[in-house]
Each structure stands twice: as C-alpha cells, then as structure tokens.
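Given next are the chains, with one letter for each unit.
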Amino acid sequence: MAAVPTIGVLALQGDVREHRRALESCGASTESVRRPEELERVDAIVIPGGESTTMWRLARTFELLEPLRKRIEQGMPAYGSCAGMIMLADRISDGAEGQETIGGIDMLVRRNAFGRQVDSFEEDIHVTGLDAPYHAVFIRAPWVESVGGDAEVLGRAESGDAAGRIVAVRQGHLLATSFHPELTGDARIHRLFLDMVKGTQ
Amino acid sequence: MSTATPAQPTATPETGTARVKRGMAEMLKGGVIMDVVTPEQAKIAEDAGAVAVMALERVPADIRAEGGVSRMSDPDMIEGIINAVSIPVMAKARIGHFVEAQVLQALGVDYIDESEVLTPADYENHIDKWAFTVPFVCGATNLGEALRRITEGAAMIRSKGEAGTGDVSNATTHMRRLRQDIRRLGALPEDELFVAAKELQAPYELVKEVATAGKLPVVLFTAGGIATPADAAMMMQLGAEGVFVGSGIFKSGDPAKRAEAIVKATTFYDDPDVIAKVSRGLGEAMVGINVSTLQDSDRLAGRGW
C-alpha cells in the first residue's frame, strides 16, 4: 500500500464532487471509481449520497458489486453517507424490488425512513469521537432500525418524532451516516474516516 | 481534533432550508430524471435506473401535437405515481401558478418544476419559491434568467432546450450560453461586475458569487430535446450535471431499453466505448421535429423571462 492512501469515491451517481472536496480539504488524495480496475487502485472507498437504487443497478451492470464486496471483506475501509449507508448495510427495508447492497455492516437500514423531501431537515447531533455537536443535514434520509453485535452506534437523531433513531454507525473499518457531512463544510466526519484508514495501514 | 466552527445549536429539526433544498438536487447529480404520465411508466423508469421521475399530464410531444391549455397533472395520477415508485417524484406546475404549487406540495411531491412546457398562468411573475418547503427547479436559456430564478428561490436550474421536439440543438445552445456567460463573468475585473449585474438583471451579490465560484450556486441539469444516449452524454460533456428526458423515452420504440441506455450513457458520458455499446439495438428513436421549422409561437423556451 502506498505511503499516502488514495481514497476512491464511487462515481456511478450522486454528490461525488462534494465528497472529493471534503476529503481533499483534509489533505487526502482522491480518485473517482466507476470501473473494477479503478477500484483496484484505491486504498479505501467512499460511497456518496445519491439514489441507492440507481447506484445498485449501475454497480451490478458494470460489474462493481462483487469486487466491492470482496475488497470490503478483505478489509478495505469504506464510508457511506445516506445512499452510501444503504449500500453498506447487510439488510435493508423499503428497498426497490430485488434491491441488493454491498453490505459489510451488520445493520438493518430503512430506506427513506425520515419521509419525503418536505421532511428533509437539519439539526445538531452528538457523534461519538467528535469534540462538539455536529450539524447534520438529512435529505430523504434512511435510518438504522437495528444493529448487530459488532456494529457500534455513533449517533442518533435528537429532536422531533424521530428522536433516538440511529443515524451513525461504525463497524471496524466501516463507517456509515444517514446524513451528509459533505454538504456542510465541516470535515470532522471525513477526518474521522481518514483516521480509520490510517489505522488499518 | 478539528478547526471547523461548531455548528449553531438548534432545538428542533429545521425543514425547507436552502441547504436541504439545494442538497436534494446534489443527490440527483449524474442521474437521469424521466417524464412519466402513468404509474406504469414510472415503474419502467425506476427499473431502468432513473434517479427521479417527473409526473405530468402529457409529455411535451403530445402537448405540442394536441395544443390547448396544459396544466398540472391530476392529483390522483400524481398520487398513483408516488405510490408506484420509491425514488423521488417531481411534478410540473405552470409558471406563476402558486396554487398548483401549493397542491403539489400538499400531495408530497419531492420537487416542483415551474415549467414553460405547461401554459403559463402569469405572464409577469414567477412563483415566490422561498415561500415553500418543497424545492423548485426552473428552466433557463442564459445566466441572467438562471439567476433571476435563483433569486426567486429556485434550488436547481435546467437548460430549457426545446421540449417535445427530440431535437437537441436548443439544449446545446442554452448549455453553451450558460457556460459562456459564467466564464465571461469570471474574466471580468471586480469593478465591472456592477454593470454586469445590471445587464444580467440579477442581484449583484449573486453575480459576484458566480464570478468567484465559476459555477452556479445550485445544481445545473439539462433538458429539452434529449432523445438518445449520445445526446445525454454530449450534454454532460458540455457541463450539465444531470439530464431530464421528456418525450424521448416514452415516445420511442422500446422505452425500457432506451431509458436504461440513457442512464448508462449519463454515468459514462466521457467513455465513447460504453456509449457505443449501449446505443445498439434500441429500436426507433422518437420521430421528432426539427426546431428550425417551428413557428415562434410554438417555441416553449420563450416562455418565462
């Protein structure tokens, strides 16, 4: 593995540029990943926000699903926001017919759980490992219904009807959030992930 | 561990902010939004990999052929489409028709297109889009128009093109024009931005923001005449961040296959091998109308100002 890790951002669809910008603001080097050979060249992967059903269909058609599963099983660090969280879940509910994920985190994620776009919201939440509250942006966001033994809950929604719902999870080298840190200019979540990447090297 | 400013504490979740409205459009980037008029079509679009569907009464090609006043879709149809798919559902309201927009918000649509494809309801004012929780996308043919819509609260912009023709030439013109206008602003010295704002008929602060960033403050999609995978890929190469396809899919010989091909070509817009591969065996494209043969009164892009 190279001295400076290269972080891939899955670029099939979604807010790829915002994740790359956030990672680069922390000094990371990034590459977009749309093909199996591009996946081979990166040390870690970020799965952006977007439409999870579109990402799944494209990942399947362009033969990225299996290689992604294999790399993650072999220990490649991965972080997913929103649609990316769905992609990293072992189990999902309210998916499209036949919808598959990459998997890796022992959790059940409910798609669009917070509601439609008129219900999209922002609020401050506490995230384990961060020094101060994090301003989280939720857009037609999923939540985590339940986690299995190895997955650690890092944060929960804190107000409104959904207070207490799990919105940030870590399991070993894998990280997932329901919200979009790439939209806020606060790079602490990306830095947390980059620290995880360094920890595996 | 961080130099980031701590966020302002908020007691309750805030909905309908500019950030969640514009952010929703960021999540659609690199994707294809397809016009649909029935739940069945919506399902075909979702299965093909659309990031969202646009519910409307008639596709633009039929609006052109049939004439008459074109309005917001029937609420039953919109509800049927919302129930048929799990991806976001957009719907069109007439320019200036703020009550159609109120109805669409009440129905739970995820984005409203204040669209020149429908017959305008107000020839002076667009909708005050800040007054809504649901975000809006609006069409534009140049930077001034785009900035006026953003000033009114649009959270996403699309090129107008010439809807319902299957002729991509006007979408090309509008995308190039938007890019030229933005590049030109970036090249101006600061003291000339005041006059530029006057010429663009847009607020100075917004003009300065575009000049500094080199891009619009909201996501820019393309629309109006896209009928083939190559059309979609060309618009992406011209700087579109995603694609609306109207009549191009459901007026073609094999909608499911064409829809899927356009989705793939939008993701691999810079890879001619992929575009060539997905362009094979699609059956007939929509027949289309050459834009240069249209009377001025039949041009939709002139609606809105």
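Owing to the predicted nature of the structure, the values given are computational and were not obtained by experimental measurement.

## Some details on the overall build of chain A
- Summing up its helical and strand segments, chain A has 6 helices and 12 strands in all.
- At 15 Å, chain A has a C-alpha radius of gyration in line with the 17 Å of a compact globule built from 201 residues.
- Principal-axis analysis of the C-alpha atoms places the extent of chain A at approximately 45 × 40 × 30 Å.
- The burial tally for chain A puts 64% of its 201 residues in the buried class.
- Long-range pairs, those at least 24 residues apart, make up 64% of the contacts in chain A with a sequence separation of at least 6.
- Taken as a whole, chain A presents about 7,000 Å² of accessible surface, with 44% of it coming from carbon and sulfur.
- Charge centroids of chain A, computed over 22 positive and 30 negative side chains, lie 3 Å from each other.

## So, the pattern of salt bridges
- Under the defined criterion, the tally for this structure stands at 37 salt bridges over all chains.
- Residue E122 of chain A pairs with R19 of chain B through a salt bridge whose shortest N-O separation is 3.2 Å. Within this pair, whereas E122 of chain A is found in strand β7 (residues 121-125), its partner R19 of chain B is found in helix α1 (residues 18-28), the two belonging to separate chains.
- The salt bridge partner of R158 of chain B is D113 of chain B, with a shortest N-O separation of 2.9 Å. In this pair, R158 of chain B is assigned in strand β7 (residues 156-159) and D113 of chain B in strand β5 (residues 111-115), connecting sequence segments 45 residues apart. Per residue, the accessibility class of R158 of chain B equals that of D113 of chain B, and both read buried.
- Counted as one network, the salt bridges with shared partners bring together R17 and E18 of chain A together with E26, K29 and E241 of chain B.

## Digging into helix α4 (residues 75-84) of chain B
Residues and elements named next belong to chain B.
- Those residues of α4 that sit buried are I78, I81 and I82. Around the axis of α4, the buried residues are gathered within 100° of arc, so they sit on the same side. Exposed residues on α4 whose side chains face more than 90 degrees from its buried face are D76 and N83.
- Where α4 begins, one side-chain oxygen reaches toward the backbone nitrogen of D76, 2.8 Å away; that side chain belongs to D74.

## A look at the nonpolar core
- The biggest cluster of nonpolar side chains holds 109 residues, and the ones touching the most others in it are M107 of chain A together with M34, V53, L147, I157, L185 and L216 of chain B.
- What M34 of chain B contacts, discounting residues up to four positions off in sequence, is A45, A48, A50, A52, V53, M54, V245, I249, A259 and V263 of chain B.
- Grouped together as the second largest cluster of nonpolar side chains are 33 residues, A28, L154, V167 and V197 of chain A included.

## What to know about the UniProt feature "active site" (unreviewed entry) in chain A
- The UniProt record annotates "active site" (unreviewed entry) at C82, H180 and E182 of chain A. The greatest C-alpha distance among the residues just named is 10.9 Å, despite their covering 101 residues of sequence, which places them together in space.
- With respect to the element layout, H180 of chain A can be found in the loop between β12 (174-177) and α6 (188-200).
- Look at H180 of chain A and you get buried, because its relative accessible area is 0%.
- Leave out the neighbours within four places in its chain, and H180 of chain A touches D15, G49, S81, C82, V137 and I139 of chain A together with M27 of chain B.
- Along the chain, E182 of chain A turns up in the loop between β12 and α6.
- Classification of E182 of chain A by relative accessible area gives buried; the value is 7%.
- The contacts of E182 of chain A, once residues within four sequence positions are left out, are D15, E18, H19, G49, S81 and H190 of chain A together with M27 of chain B.
- Only 3.5 Å separates the side chain of E182 of chain A from the side chain of S81 of chain A, close enough to count as a polar contact.

## Focus: the UniProt feature "active site" (unreviewed entry) in chain B
All names here are of chain B.
- Mapped onto this structure's residue numbering, the UniProt feature "active site" (unreviewed entry) falls at K92.
- Looking at the secondary structure, you find K92 in strand β4 (residues 89-94).
- The class for K92 is buried, based on a relative accessible area of 6%.
- Among residues more than four places away in sequence, those in contact with K92 are D35, M54, A55, L56, M72, L104, D113, S115, V117 and L118.

## So, helix α7 (residues 169-187) of chain B
- Across its 19 residues, α7 of chain B extends 27 Å between first and last C-alpha, which sits within 8% of the 27 Å expected from 1.5 Å per residue.
- Those residues of α7 of chain B that sit buried are N170, A171, T172, H174, M175, L178, D181, I182 and L185 of chain B.

## Examining the UniProt feature "binding site: L-glutamine" (unreviewed entry) in chain A
- The feature "binding site: L-glutamine" (unreviewed entry), as given by UniProt, occupies G50, E51, S52, R111, I139 and R140 of chain A in the numbering adopted here. Separation in sequence by 91 residues is not matched in space for these annotated residues, since their most distant C-alpha atoms are only 12.9 Å apart.
- Counting through the fold element by element, E51 of chain A comes out in the loop between β3 (44-47) and α3 (52-61).
- With relative accessibility at 7%, the residue E51 of chain A sits in the buried group.
- Setting aside chain neighbours within four positions, we find E51 of chain A in contact with Q13, A83 and R111 of chain A together with M27, A50, V51, I87 and P88 of chain B.

The rules behind these values
- Residues numbered from 1 in each chain as written.
- Chains lettered and ligands numbered in written order.
- Predicted model: local features only at pLDDT ≥ 70, side-chain atom pairs only at ≥ 80, totals over all residues.
- Heavy atoms only, no water.
- Helix = DSSP H or I, 4+ residues; strand = E, 2+ residues; numbered from the N terminus.
- Rg over C-alpha atoms; globule rule 2.2 N^0.38 Å.
- Buried < 20%, exposed > 50% of the residue type's maximum accessible area, 1.4 Å probe, protein only.
- Contact = heavy atoms within 4.5 Å.
- Areas by Shrake-Rupley, 256 points an atom, 1.4 Å probe, with all protein chains shown as cover.
- Lys, Arg positive; Asp, Glu negative; His and termini not counted.
- Charge placed at Lys NZ, Arg CZ, Asp CG, Glu CD.
- Salt bridge = Lys/Arg side-chain N within 4 Å of Asp/Glu carboxyl O.
- Arc of directions from axis to C-beta.
- Polar contact = N/O pair within 3.5 Å; in protein donor to acceptor, adjacent residues only side chain to side chain.
- Core = buried A, V, L, I, M, F, W, Y, C linked by side-chain atoms within 4.5 Å.
- UniProt positions renumbered as here; feature names shortened; annotations may be inferred.
- Expected span 1.5 Å × (residues − 1).

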